[in-house]
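# Tertiary structure, described
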Amino acid sequence: MSGEEFVSLSLTPLLIGIFAAVACALPGNFLVLRKQALIGDAISHVVLPGIVVAFLLTGMIATWPMMLGAAGAAILAVILIESVRRLGRIEPGAAMGVVFTTMFAGGVLLLEQTDTSTVHLDVEHALYGNLESLIWLDATGWASLLDPQALAGLPAELPRMALTMCVVILFTWALWRPLKISTFDEGYARTIGIRTNLLGLMLVMMAAIAAVAAFDAVGSIIVIAMFICPPAAARMMTNRLERQVAWSVAFAVASAVSGYVLAGYGPLWLGAQDAVSAAGMIATMSGIILALAALFGPCRTRTGAPGQA
Amino acid sequence: MLWEALTLQLGYNATLVAIGATLLGLSAGVTGTFLFLRKRALVSDAISHATLPGVCIAFMVMVALGGEGRNLIGLLIGSALSAWVGLLCMNWLTRRTRLAEDAAIGAILSVFFGFGVVLLTVIQTMGVGRQAGLEGFLLGSTAGMLWADAMVIAFGGAATLALVMLIRRPMMLVAFDPEYAAARGLPVARIDLAMMGLVMAVTVVGLKIVGLILIVALLIIPPVTARFWTERSDRVVLIGGLAGGLAGYLGAALSASAPNLPTGPIIVLVSFAFFAVSLLLAPVRGVLAAVLRHARFQRRVHMRQGLLALAQGQTIYEPLTLRLLRRAGLVRADGVPTDKGKARAAKALRDEKRWELVRADQAHEATAALYDGLRDIETVLTRDQIEEIDRRIGGPQGVTA
Amino acid sequence: MTLELAADQGTRITPQDVAHSPLAIRGLTVSYGQKPAVFSVDMTVQPGAMTAIIGPNGAGKSTLLKAALGIVKPLSGQVTVYGKPLDDSRARIAYVPQRASVDWDFPTRVIDVVLMGLYRELGLLGRVRARHIAKAMDCLNRVGMHDFADRQIGQLSGGQQQRVFLARALAQDADLYLLDEPFAGVDAATEKAIIAVLKSLKQAGKTVVVVHHDLATVTDYFDHVFLINTRKVAEGPVDEAFTAETLQATYGGRLATAQIDQISRALG
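Residues numbered from 1 in each chain as written. Chains lettered and ligands numbered in written order. Predicted model: local features only at pLDDT ≥ 70, side-chain atom pairs only at ≥ 80, totals over all residues.

Helices and strands together make up the secondary structure of chain A, namely 13 helices and zero strands. Going residue by residue from the N terminus, the α and β elements of chain A occur as α-α-α-α-α-α-α-α-α-α-α-α-α. Computed over its C-alpha atoms, the radius of gyration of chain A comes to 20 Å, within 12% of the 19 Å expected for a compact globule of 309 residues. Once the C-alpha set of chain A is aligned to its principal axes, its extents read approximately 65 × 50 × 40 Å. Per-residue burial for chain A yields a buried fraction of 55% across its 309 residues. (Helix = DSSP H or I, 4+ residues; strand = E, 2+ residues; numbered from the N terminus. Rg over C-alpha atoms; globule rule 2.2 N^0.38 Å. Buried ≥ 20, exposed ≤ 12 C-beta atoms within 10 Å, placed from the backbone.)

Laid out in structure tokens, this is it:
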């Protein structure tokens, strides 16, 4: 494939996929260690009602209202889950199940009630995204990377996802120490003055921001897969948090690249003509990486913590 | 319109859907209860998402064999097989690796679902009946449901229900206390797997009506709702089943009564309405009852502490304590106890002293366990016993009232 | 007429006491649900003392400690640390939680856990420098764990985990050390090592409060006791407050008479 074709057709979706994967995998490390992995699942389900409500309020499909709607829905979901868990004294898994399925059902109902035939807004889009369509038409080759005019024609998702990834990286870097301490030992963290409740909320918010920015470009499936699979696979590679996070980023990038390439070219190699869903393929690849780590990772089993010695 | 729908007079299809949804809700509510009591509610999320690749593969196989591809039974068998594979993978991840169950659930659901989406796009390009309508399995689609489909759902639901009833005792034992169950020689791992198998059956049966994303709601919400109303596990099962069945029936009827009301989401929302009412208003575990109880309890604690402090001439710092004492006319505005306050304080102190003796006395061991700082001693000891204790305390008698 | 409750003997707390006490608790009630785990408890920890909190299982020992540290929220009551509200004196407290309270499968090394004790010193982004590492190693040395610095925490035995937790607390350079059941389920060597460290803390003028369950070692290890069974039963120097009567009052029927006899013989 020529540079021209690659830059205009594949470079941007590939980068967006990588940025989204990394942005989700970073907070995913802490969510998995805190046994809150399914918060990502819950958040990505409630994105749909969020964007539908935003559409109903503004009457248009514009990025920022939809992002705000999705973020609002994510916050609402987190608050509802906490309230149901505490007020009803229900275990967290069930509380999550009650809240996100209900909100998702509400989103589907609203969607059916609204005339969205003129706009591109449907359940499938929220689930799979449209990574393949995020191409850079103005690019004529590698040289376009230095051409301001061509750069102006970049799909808006690219800078947005890049910014999101930077925010997530900054968050993880700045709050690394308290995040690590409170994830390991919440009670102790409180006694040295870390505000653990606030920190936990900020972590979930960061996950929500990553999820909302990513779903728009790549759909909910990647979001859930990237929250969980790369960190889970990374946990089986090392026993140190710093290295685990590094592994998870590497796995996220590897899933995004291999998934995108396989989705686009795999069918051609097999003699078929059309590409398959890149989002689905990226999720599948992250699963394959996880399976390999689970089979061969050096730290795949518990070290046998002698609980009560 | 709604009345007609509720009395099943909206035509053939609506009636089929309503009956199917009721049976589905019933079996989902009953089956989900065991899952919920086992604290593994979200396993259903992994199972349901893992059905998608199976549906797609079954479709492709049936087309490859020259069939039409949309045969419901064929698709359901495919979905069951892939859900089973997903379940085994999840079990393997939690047992053989260091991953916790929540991470395993998330991994299985996203990867299987992602793979399913890949297969969906493959089917779209196969050029057979274009979309093949498989998207319907995501959210359910009851439009154009056939008699045969309804029969599959009815039989599937009934069979699941019968199986649940058959193995409910061992499942309940395992859900309540897996270690005890194992000690009694029950094959816990196999029972767990059977429980998951039943969840899978419900999921598969529900694909057509509510779809794979929302079936999770029917497995989780009714049991959680039921838990608010009773402390007995057999009743949770019963109420869970009733709540599910009723939600299925009302939801299906509501959705038939007006256009643009998709069956699956409506059933889920009706189910949630039951949940919300229970959460707020259930007599013991409900929020309202709990808030009232907590406020009353806190007042009792402060009152008691305040009286003890008064009796011993200590300064009271807690504003709430002072306010409560003042409102009861036990202290004056400047914090000095009234006569009534003095009397009540003396009684509280004497009771506390009595408790102190009771708790130090082996003869009163059972009574001592009841001590919570608040209980009136007259409610646990007889007059004679109290007099006996008072003799040991010494000092003036007759403050029993 | 004034009845004297055991719970209030010798504890007419004056404002001066509160200001000087490393840890002063007034009217503390904590409840999980409808039964108070701790009811209307006053406690005044003596500076420079080694105090054991003693009581039967479920008597509210750990709850008292957790409420004092702000980990659980009390229904009523006040806690002051060196005369100031808890949040203003965090830097002066070090807490050693129960070993079972964390997930030892967490991906981290022994030295990293000890470095957590330097959080207040390092702040959010402060770089870990050689002197921090040296300090952490020194703390590990004091508990006899310096050879394990690079070990994954999941590979430690229960006693070793407990010592790592103690090393983390030492790294905090606090004035008041609160330990929750540090001797529960640890080997004899660990128990010896821990008590040696605690005694050296006392010698350095620090205050130590330990939730303790082994009545046989109380007189050897501690100079003050605090007996609790939902309510406070007694508080004071060991020779005054740790008597057959107070034990009977604390444990009621739960302590065999033979055991009490044995302890009172040990007390002389």
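What follows picks up the thread again.
Tallying secondary structure elements over chain C gives eleven helices and ten strands in all. Counting only residues that meet the buried cut, chain C has 51% of its 268 residues in that class. A fraction of 69% describes how many contacts in chain C between residues 6 or more apart in sequence connect residues 24 or more apart. (Contact = placed C-beta atoms within 7 Å.)

Moving on, we get to the interface of chain B and chain A. Residue-level contacts link 48 residues of chain B with 53 residues of chain A. Residue assignment for the side of chain B that touches chain A shows that the elements contributing at least two residues are helix 6 (101-124), helix 7 (136-139), helix 11 (188-227) and helix 13 (263-281) of chain B. With 15 residues, the top contributor of residues to the side of chain B that touches chain A is helix 6 of chain B. Its residues assigned to classes, the side of chain B that touches chain A shows 35 nonpolar, seven polar and six charged. (Nonpolar A, V, L, I, M, F, W, Y, C, P; charged D, E, K, R; others polar.)

Residues and elements named next belong to chain C. One open sheet accounts for six strands, arranged 6-7-8-3-9-10; its pairing is mixed. Each end of this open sheet is capped by a strand with a single partner; those strands are strand 6 (93-96) and strand 10 (231-237). Strand-to-strand twist of the sheet, defined as the mean angle between neighbouring strand axes without regard to direction, takes the value 15°. As paired elements, strand 9 (residues 224-229) and strand 10 share six bridges and run antiparallel to each other. Bridge pairing links Asn 229 to Arg 231 in strand 10. Sitting on the sheet, helix 7 (residues 188-203) is in contact with strand 3 (50-54), strand 7 (176-180) and strand 8 (207-211), with an inclination near 145° to strand 8. (Pairing = 2+ DSSP bridges. Axes fitted to C-alpha atoms, helices over the stretch in contact; angles between N-to-C directions.)

Our focus in this paragraph is the sheet that holds strand 5 (residues 84-85) of chain C. All names here are of chain C. As summarised here, the arrangement of the four strands in space is 2-1-4-5, forming an open sheet in which the pairing is antiparallel. Of all the strands in the sheet, just strand 2 (35-44) and strand 5 have a single pairing partner and so form its edges. Each of strand 1 (24-32), strand 2 and strand 4 (76-81) is contacted by helix 2 (residues 61-68), which is oriented at about 65° to strand 2, the strand it contacts most.

Residues and elements named next belong to chain B. Between its terminal C-alpha atoms helix 11 stretches only 24 Å, short of the 58 Å expected from 40 residues at 1.5 Å a residue. Maximum bend of helix 11: about 120°, positioned at Lys 208. Burial of helix 11 is extensive: 34 of the 40 residues sit out of reach of the surface. (Expected span 1.5 Å × (residues − 1). Bend = angle between axes of the 7 residues up to and from the residue.)

Let us now look at the nonpolar core. Ala211(A), Ala214(A) and Ile222(A) are the most contacted members of the largest nonpolar core, which has 222 residues in total. Non-local contacts of Ile222(A), meaning those with residues more than four positions away in its chain, are made with Ala20(A), Ala21(A), Gly129(A), Ala214(A), Ala279(A), Ile282(A) and Ala283(A). Listed in part, the 89 residues of the second largest apolar core include Trp104(C), Ala171(C), Ala174(C) and Phe226(C). (Core = buried A, V, L, I, M, F, W, Y, C linked by C-beta atoms within 7 Å.)

So, about the confidence of the model for chain C. Residues and elements named next belong to chain C. Confidence in the prediction for chain C averages 88 pLDDT; 88% of positions are at 70 or higher. The lowest-confidence element of chain C is helix 11 (residues 257-267), averaging 63 in pLDDT; the highest-confidence one is strand 8, averaging 97. Both scores are given for the predicted complex: the pTM is 0.88, the ipTM 0.91. (pLDDT = per-residue confidence, 0-100.)

It is worth spelling out the interface of chain B and chain C at this point. Facing the 27 residues of chain B at the interface are 24 residues of chain C. Of all elements in the fold, only helix 14 (287-311), helix 16 (339-360) and helix 17 (365-368) of chain B reach the threshold of two or more residues within the side of chain B that touches chain C. Classifying every residue of the side of chain B that touches chain C by side-chain character gives ten nonpolar, seven polar and ten charged.

Before going further, it helps to spend a moment on the environment of Arg168(B). On the secondary structure map, Arg168(B) appears in helix 9 (residues 168-176). The spacing of Arg168(B) and Gly133(B) is 35 residues in sequence and 37 Å in space, taken between C-alpha atoms.

Here we take up the environment of Met145(C). Residue and element names in this part refer to chain C. Checked against the element boundaries, Met 145 lands in the loop between helix 5 (130-142) and helix 6 (158-171). Linking Met 145 and Arg 163, residues 18 residues apart in sequence, is a C-alpha distance of 7.4 Å. With near-sequence residues (within four places) excluded, Met 145 lies in contact with Val 110, Leu 140, Gln 160, Arg 163, Val 164 and Ala 167.

A few words on the packing of helix 16 of chain B against helix 18 (residues 383-393) of chain B. All names here are of chain B. Their axes nearest at 10 Å, the elements helix 16 and helix 18 cross at an angle of 95°. Comparing their axes, helix 18 and helix 16 come out roughly perpendicular. Along the contact surface, helix 16 presents Lys 353, Arg 354, Leu 357 and Val 358, while helix 18 presents Ile 386, Ile 389, Arg 392 and Ile 393. (Parallel < 35°, antiparallel > 145°, perpendicular 65-115°, else oblique.)

To continue, consider unusual backbone geometry. Residues and elements named next belong to chain C. You will see that Tyr 82, though not glycine, has its phi angle at about 50°, which is positive. Within the secondary structure layout, Tyr 82 lies in the loop between strand 4 and strand 5. Here Glu 181, not a glycine, exhibits a phi torsion of approximately 50°, which is positive. You can call Glu 181 buried: it has 22 C-beta atoms within 10 Å.

Mapped onto the fold, Gln162(C) is located in helix 6. Those residues within four positions of Gln162(C) in sequence are excluded, and the remaining contacts are Arg99(C), Pro182(C), Val186(C), Thr190(C) and Ile194(C).

Time to look at the pairing of strand 1 of chain C. A regular strand carries its side chains on alternate faces of the sheet. Residue and element names in this part refer to chain C. Counting buried positions along strand 1 yields eight of nine residues, so the element is predominantly enclosed. Where strand 1 lies against strand 2, six bridges are found, and the strand directions are antiparallel. The residue bridging Tyr 32 from the neighbouring strand is Lys 35, located in strand 2. The turn joining strand 1 and strand 2, which pair antiparallel and follow one another in sequence, is formed by two residues; a positive phi near 75° is taken by Gly 33. By the bridge criterion, four bridges tie strand 1 to strand 4 in an arrangement that is antiparallel. Note on strand 4: the bridge partner recorded for Arg 26 is Gln 78.

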